[in-house]
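Observations on the model geometry
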Amino acid sequence: MKKLLFIYNPNAGTGMLKPKLADVLDIFTKAGYEVTVYPTQRYHDGLAKTLSYTGDYDLVVCSGGDGTLDEVVTGMAQRDKKVPIGYIPAGTTNDFASSLHISKDMLGAADTAVNGVPFPCDIGHFNDDYFVYIAAFGLFTDVSYETDQNMKNVLGHLAYVLEGTKRIFNIPSYHIKVTHDGESIEDNFVYGMVTNSRSVGGFRSIIGRNVAFDDGVFEVTLIKTPKNPIELNEIVAALLVKQINSDHMYSFRSGHVKFESEEEIPWTLDGEYGGRHDEVIVENLKQELEIMVKPTSIGHLERKKELVRQEEESEEQA
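So, a few notes on the structure that sits alongside this text.

Thresholds applied
Residues numbered from 1 in each chain as written. Predicted model: local features only at pLDDT ≥ 70, side-chain atom pairs only at ≥ 80, totals over all residues. Heavy atoms only, no water. Core = buried A, V, L, I, M, F, W, Y, C linked by side-chain atoms within 4.5 Å. Buried < 20%, exposed > 50% of the residue type's maximum accessible area, 1.4 Å probe, protein only. Contact = heavy atoms within 4.5 Å. 1 Å grid on protein atoms, 1.4 Å probe; cavity = no way out; pocket = protein on both sides within 12 Å on 5 of 7 lines; lining within 4 Å. Points joined across faces, edges and corners; volume = space filled by probe spheres on them. Helix = DSSP H or I, 4+ residues; strand = E, 2+ residues; numbered from the N terminus. Nonpolar A, V, L, I, M, F, W, Y, C, P; charged D, E, K, R; others polar. Pairing = 2+ DSSP bridges. Axes fitted to C-alpha atoms, helices over the stretch in contact; angles between N-to-C directions. Parallel < 35°, antiparallel > 145°, perpendicular 65-115°, else oblique. Left-handed = near helix turned anticlockwise from the far one by under 90°.

What follows is about the nonpolar core. Generally speaking, a soluble globular protein has its nonpolar side chains buried in company with each other. Counting 61 residues, the largest nonpolar core has Phe-6, Phe-28, Ile-88, Phe-96, Leu-100 and Ile-291 as its most contacted members. Leave out the neighbours within four places in its chain, and Ile-88 touches Phe-6, Val-24, Phe-28, Val-61, Cys-62, Ser-63, Gly-64, Met-106, Ala-109 and Ala-110. Judged by nonpolar contacts, the second largest core, of 21 residues, contains Tyr-174, Val-257, Trp-267 and Val-282.

See below:
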C-alpha cells in the first residue's frame, strides 16, 4: 500500500478543516494510501516535521495557509529524496493555490492531492532560505505576519486592509541596487516583489495576466519612492487598474536577482517574516517542486507558458 504523510495546521483560517477531517482522510484511504496524520503544534512545526520524517512516504499532503505550504516546501527542498506535495488550502488568501487552480473546496482539493497529477513548479532560493511564490520588501509587507490570526479568521481580506491603513502615512523608503542579467538598477523604492503567482495578497493579475510557473524565471516588480502626493496617486491608480506605470515602476523577468542596500531591510517570504538583510540573492530553482494539480489544469498551465513566451518575443522585437 502507498504511504501518505498528512501535515495540517489546525488553526488555519477558521479551523475549517476540523469538521471535514474524517471526509478528507476517507478520500485519501479510498485512493489507496495508508495515512499518517500530523497536526502542527507551533510555528515552524511543519518545517521541522517535513525535514525529520523517516517514513518511506510516496506523497506528503499539507493543509493550512500559504505559510504552512511554505514550511512543507522548504523542508522538502532540503531533503535528499523528494516526493510530490499535495495542498489543501485552508488559509485566508491562498494565493498560490488560486494560481494553480487548486479548488477552494477542501474535499475537491483533497481529491486533487491524491488523484491529480504532479506538476513540476519553480520555487525560490532566498539566501539560505526558500519561498514558494513571493519574496517582498517594503510597503505593507509586514501586514500579513503582524495581523492577528483571529482577526484574519473573522475579517479575511478586510483584516489586511485595516492593518495596512495604520502605515499609509509612514512609508519607509530604501535605496537599493538591483542587479540582474548583466544590468543594474539603483534607485529609492517603497516596495519590491519577486513572484511566481498570478495572485498576490488575494489581488489577481497585478503582475500581468500571463505567468508561467515552470519556466525558470520570476516576475520582478519594483515601485519607486513617490516624490509627492501626485506621484503617489499615479502609483495607486496604476495598481488599481493592474498596469505597470513605467514612470514609477520597474518590471522584468529574471531567474537570478541580487539586492544590495545600505541598511538591513525586512523581507517577507510567502507572507511570513523572512528576516532583515542588506544583501539578498534570489535564485529560481526551476521545476524543483512537484505539486499535485488537476489533470485538466496541465493544459491551461502549458498555454500560459506559451503566452509568456510570445510576450517575451514581442518585447525583444520591440
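The next point concerns empty space enclosed by the protein. Rolling a probe over the atoms, with the probe sized like a water molecule, indicates the empty space that remains. Overall, the coordinates contain 1 cavity of 30 Å³ or more when judged by the stated rule. In this structure, the largest cavity occupies an estimated 40 Å³ of space. Taken together, Ile-176, Phe-259, Glu-260, Ser-261, Ile-265, Trp-267, His-277, Asp-278, Glu-279 and Val-280 form the lining of the largest cavity. Listed by contribution, the elements that provide at least two residues to the lining of the largest cavity are β14 (256-269) and β15 (272-293). It is β14 that contributes the most residues to the lining of the largest cavity, 5 residues altogether. Of the residues contributing to the lining of the largest cavity, the split by class is 5 nonpolar, 2 polar and 3 charged.

Locating Ile-88 in the fold gives a position in strand β4 (residues 85-89). Residues Ile-88 and Ser-63, spaced 25 residues apart in sequence, show a C-alpha to C-alpha distance of 4.6 Å.

So, about the side chain of Thr-68. With respect to the secondary-structure elements, Thr-68 resides in helix α3 (residues 66-77). Apart from residues lying up to four places away in sequence, Thr-68 is in contact with Asn-9, Cys-62 and Ser-63.

This part is about the pairing of strand β9 (residues 183-195). Direction of pairing for strand β7 (residues 134-138) relative to β9: antiparallel, over a ladder of 5 bridges. Across the sheet, Ala-135 pairs through a bridge with Val-194, a residue of β9. Bridge count between strand β8 (residues 174-180) and β9: 7 bridges; the pairing is antiparallel. Its bridge partner being in β9, His-180 is matched across the sheet by Glu-183. Connecting β8 to the antiparallel partner β9 that follows it, the hairpin turn spans 2 residues, and Asp-181 within it adopts a positive phi of roughly 50°. Of the pairings in the sheet, the one linking β9 to strand β12 (residues 218-224) comprises 6 bridges and is antiparallel in character. Opposite Met-193, over in β12, you have Thr-221 as the bridge partner.

Now for the packing of helix α2 (residues 45-52) against α3. The relative placement of two packed helices comes down to the angle between their axes together with the axis-to-axis distance. Interhelical geometry of α2 versus α3 gives an angle of 25° and a closest axis separation of 8 Å. On the basis of their axis angle, the class for α2 and α3 is roughly parallel. Between α2 and α3 lies a crossing of right-handed hand. Where α2 abuts α3, its residues Asp-45, Gly-46, Leu-47, Thr-50 and Leu-51 lie against Glu-71, Val-72, Thr-74, Gly-75 and Met-76.

The next thing to look at is the environment of Val-194. Within the element layout of this structure, Val-194 appears in strand β9. Look at Val-194 and you get buried, because its relative accessible area is 0%. Considering only alpha carbons, one finds Val-194 and Leu-269, 75 residues apart in sequence, at a separation of 9.8 Å. Sequence-distant contacts of Val-194, that is, excluding residues within four places in its chain, are made with Phe-131, Tyr-133, Ile-134, Ala-135, Phe-218, Glu-219, Val-220, Phe-259 and Val-282.

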